[in-house]
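Listed below are the residues making up each chain.
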Amino acid sequence: PQYTEVPVLQEDLAKVWDELPDLALSGPQERRAVSSATRLTLDQAIPLEDAESGAAADADLPGGGLAMPETRFGKLANGVRVASVDRQGMCASVGLFVHAGSRYESAEKAYLPHALELMAFRSSAHLSHLRTLKTMEQLGAAASCRVGREDILYQFDALREYVPVMLPLMLANVLCPALTEEELEAARAQALETRQLFEENTEGFLSEVLHIAAYRDNTLGNALYAEEEDLVKFTAENLREYIRRECRPDRLILVGVNCDFDELCKWTARSFAETGAANGVLAADEAPRETLPAKYTGGDQRLPRENPLCHLMLGWEVEGGWNGSMLAAVTVLQMFLGGGGSFSTGGPGKGMHTRLYTEVLNRHHWVESCQASSVMYADSGLFTIYATVVPHHAKDFIDVIARIFKSLSRISPEELQRAKNQLKSSIHMNLEMRAVMMEDIGRQLVLSNKVGTAQEFGDIVDAVTVEDLLACLRSCLKTEPTVVAYGAIDRVPKYEQVKQAIQNNIP
């Protein structure tokens, strides 16, 4: 993308303070003049002069109507990137992406991104933890943090006029966190609780186990969450060193939806001018980070548990991942196979005509659920099948999936077009949500340093052919499979048997 240069300047504090929105954080305050329309009830018309001014503004736009919102990009002098798209909504979603994660750490230090997540929106040089929470409560803002293998995302949702208040509060997580011992102890307790409750979300737990098995002892195979033995290493010194080393300005991306681009750049620059100049975060003159390529190994992991069902997750590598040639084909393949639960109900678009639904769930009563999915990283990806089956049919399920893959040599034009339509519809509907659009823009910048629109992705999807789907599937199935079995797994075939059954049925 084309970046607008944004200077980081020291400004007069009184001027900055005067531009902040009016806040009633400590009781009632005098209200400024407001529009006459705010006093009207819903059954009253807006005064004619207000309606005419709005119509005149619309008429000035190309075509005499509303323009398509445009994503704009800026770069601060210190390397921080800013992206914004203003859809004129009243609520804004703003995210800070840190291009760091467990894949960039050694196995011994892979817990650090998760530790940083657990310390999000606590005390900083500006506010105590209590004041941070009370400020967000008064503003009606919602804030969160999630950690991934290639990025850490801090995000908040608030009324757009409160972005200048919430933005420095969010940036303080990497610019000036307090990291008090009391809060570190609370984070250790939270990490322990997360680990103890981890298996309650079976699909998420098996996905994590699948990654560790698929990329054994390297990059994407590093654990995403801290182990119990890591808790003693949750120290302020370790976290400060990690922030200084990884949260450098050239690895920070700020994305806003329903934010004015110039305002977002201005308040971001002010946050760095105030706290960054005297902070090690801005020491961007260090040696570039060495990024090791993800090495897919495949593997087998069996986890026997007291469970009435057998949970199976099968995975194969998608070479190149997000930046590879098979991105569109594997996504269409995933939609084509589809799947769901045996009790799925709903109308058109629910996926009841997908291949896994018609050929597996509708024909085999012992399959409780079966779903195809994929996950992409910068240089590798995984194509997966996740199913829950009655335990004594575990071997039968492997045979059924093998036959499904074999049958993909017969794909009708109608089925292919249906999968494409579902995919394009899903993309457009999801991007209606501002938080999804914000995360989509940020993830694209992290993965490839470029941003494609929904229309561009739609054109790529339309170009996918049956031959592309088959070539993608063959490429995946020729890699070593990753097999994760959980629950009642006595009848699950051995790894070599699973591998042989799949590779004997490559279409």
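Rules of the game
- Residues numbered from 1 in each chain as written.
- Predicted model: local features only at pLDDT ≥ 70, side-chain atom pairs only at ≥ 80, totals over all residues.
- Heavy atoms only, no water.
- Phe/Tyr/Trp six-rings, centres within 6.5 Å; stacked < 30°, edge-to-face > 60°.
- Helix = DSSP H or I, 4+ residues; strand = E, 2+ residues; numbered from the N terminus.
- Buried < 20%, exposed > 50% of the residue type's maximum accessible area, 1.4 Å probe, protein only.
- Expected span 1.5 Å × (residues − 1).
- Salt bridge = Lys/Arg side-chain N within 4 Å of Asp/Glu carboxyl O.
- Pairing = 2+ DSSP bridges.
- Axes fitted to C-alpha atoms, helices over the stretch in contact; angles between N-to-C directions.
- Contact = heavy atoms within 4.5 Å.
- pLDDT = per-residue confidence, 0-100.
- 1 Å grid on protein atoms, 1.4 Å probe; cavity = no way out; pocket = protein on both sides within 12 Å on 5 of 7 lines; lining within 4 Å.
- Points joined across faces, edges and corners; volume = space filled by probe spheres on them.
- Nonpolar A, V, L, I, M, F, W, Y, C, P; charged D, E, K, R; others polar.
- Core = buried A, V, L, I, M, F, W, Y, C linked by side-chain atoms within 4.5 Å.

Q: Quick question: what am I supposed to make of the packing of aromatic side chains here?
A: By convention here, two paired aromatic rings are described through the distance between centres and the angle between planes. Scanning the entire structure with this criterion turns up ten aromatic pairs. Measuring from centroid to centroid gives 5.3 Å for F198 and Y225, while their planes differ by 70°, and the two rings are edge-to-face. In this pair, F198 is assigned in the loop between α6 (181-196) and α7 (202-214) and Y225 in the loop between α7 and α8 (236-246), connecting sequence segments 27 residues apart. By relative accessible area, F198 is classed as buried at 13%. Ring geometry for W322 versus F457: centroids 6.1 Å apart, planes at 65°, classification edge-to-face.

Q: Looking at this model, I keep getting lost on helix α12 (residues 394-407). Mind explaining?
A: Between the first and last C-alpha of α12 there are 20 Å, a value that for 14 residues agrees with the 20 Å anticipated at 1.5 Å per step. The complete set of buried residues in α12 reads A394, F397, I398, V400, I401, A402, I404, F405 and S407.

Q: Can you help me understand the pattern of salt bridges in this one?
A: Pairs may arise between side chains of opposite charge once their charged atoms sit close together. Under the counting rule described, the total for this entry stands at 34 salt bridges. Notably, a salt bridge pairs R149 with E208, separated by 3.0 Å at the nearest N-O pair. On the criterion of sequence distance, the pair formed by R149 in the loop between β5 (142-147) and β6 (152-159) and E208 in helix α7 is long-range, its members being 59 residues apart. When sorted by exposure, R149 lands in the same class as E208, which is buried.

Q: Help me out: how do you make sense of the pairing of strand β2 (residues 72-76) in this one?
A: For a regular strand, side chains alternate in direction, first toward one face of the sheet and then toward the other. In this sheet, β2 lies alongside strand β1 (residues 3-6) in parallel orientation, the contact comprising four bridges. Within the sheet, the bridge partner assigned to T4 lies in β2 and is G74. Two strands pair when backbone bridges link them, and β2 and strand β3 (residues 81-85) are joined in this way by four bridges, in the antiparallel orientation. For K75, the partnering residue across the bridge sits in β3 and is R81.

Q: Hey, could you run me through the sheet that holds β1 in this one?
A: Where strands meet in a sheet, backbone hydrogen bonds hold them as pairs that are either parallel or antiparallel. One open sheet accounts for seven strands, arranged β1-β2-β3-β7-β4-β6-β5; its pairing is mixed. Either end of the sheet is taken by a strand with one partner, and the two such strands are β1 and β5. Between one strand and the next, the sheet's axes are offset by a mean angle of 20°, whatever the strand orientation. Strand contacts of helix α5 (residues 163-175): β4 (91-98), β6 and β7 (252-257), with the helix running at about 165° to β6, the strand carrying the most contacts.

Q: When you look at the sheet that holds strand β11 (residues 367-376) in this model, what are you seeing that I'm missing?
A: Pairing in this open sheet of six strands is mixed, and the strands run β8-β13-β9-β12-β11-β10 from one edge to the other. Of all the strands in the sheet, the pair left with one neighbour each is β8 (299-304) and β10 (339-341). The sheet shows a mean angle of 20° between the axes of neighbouring strands, direction not considered. α7 rests against β8, β9 (310-319), β11, β12 (380-389) and β13 (482-487) of the sheet, and its axis sits at about 145° to β13.

Q: Would you explain the confidence of the model for the chain in this entry?
A: Any region with low pLDDT has predicted coordinates that should not be read closely. The share of residues in the chain with pLDDT of 70 or more is 88%, and the mean pLDDT across the chain is 89. Confidence drops under a pLDDT of 50 for residues 277-284, and excluding neighbours within four residues, the segment shows 19 contacts in the predicted structure.

Q: How should the layout of surface pockets be read in this particular structure?
A: Regions of empty space are outlined by a rolling probe, equal in size to a water molecule, passed over the atoms. There is about 1400 Å³ of room inside the largest pocket. Taken together, 41 residues make up the lining of the largest pocket; nearest its centre are W322, L327, M376, D440 and L447. Counting residues per element, the lining of the largest pocket draws most heavily on helix α14 (residues 434-448), which supplies seven residues. Grouping the amino acids of the lining of the largest pocket by side-chain chemistry returns 19 nonpolar, 13 polar and nine charged. Each pocket or cavity is described by its volume, and for the second largest pocket that value is around 1100 Å³. Around the second largest pocket, the lining comprises 42 residues; the ones closest to its centre are W17, L20, H126, V165 and P168.

Q: Which parts of the structure should I look at to understand the nonpolar core?
A: Among soluble globular proteins, nonpolar side chains are generally buried collectively. Within the largest apolar cluster, 62 residues are counted, with the highest numbers of intra-cluster contacts made by Y154, M170, F234 and L254. When residues in this core are grouped by element, the largest group, ten residues, is from α5. Leave out the neighbours within four places in its chain, and M170 touches V94, G95, L96, F121, Y154, Q155, F156 and L254. Ranked by size, the runner-up nonpolar core spans 59 residues in total, among them W316, F383, L473 and L477.

Q: Please explain empty space enclosed by the protein as it appears in this structure.
A: For the structure on display, the rule yields two cavities of 30 Å³ or more. For the largest cavity, the calculated volume is near 60 Å³. What lines the largest cavity is M335, F336, H353, T354, R355, E415, R418, A419 and Q422. Among the elements of the structure, α10 (327-337) and α13 (413-430) are those that each provide at least two residues to the lining of the largest cavity. Of the residues forming the lining of the largest cavity, the biggest block, four residues, is contributed by α13. Of the residues contributing to the lining of the largest cavity, the split by class is three nonpolar, three polar and three charged.

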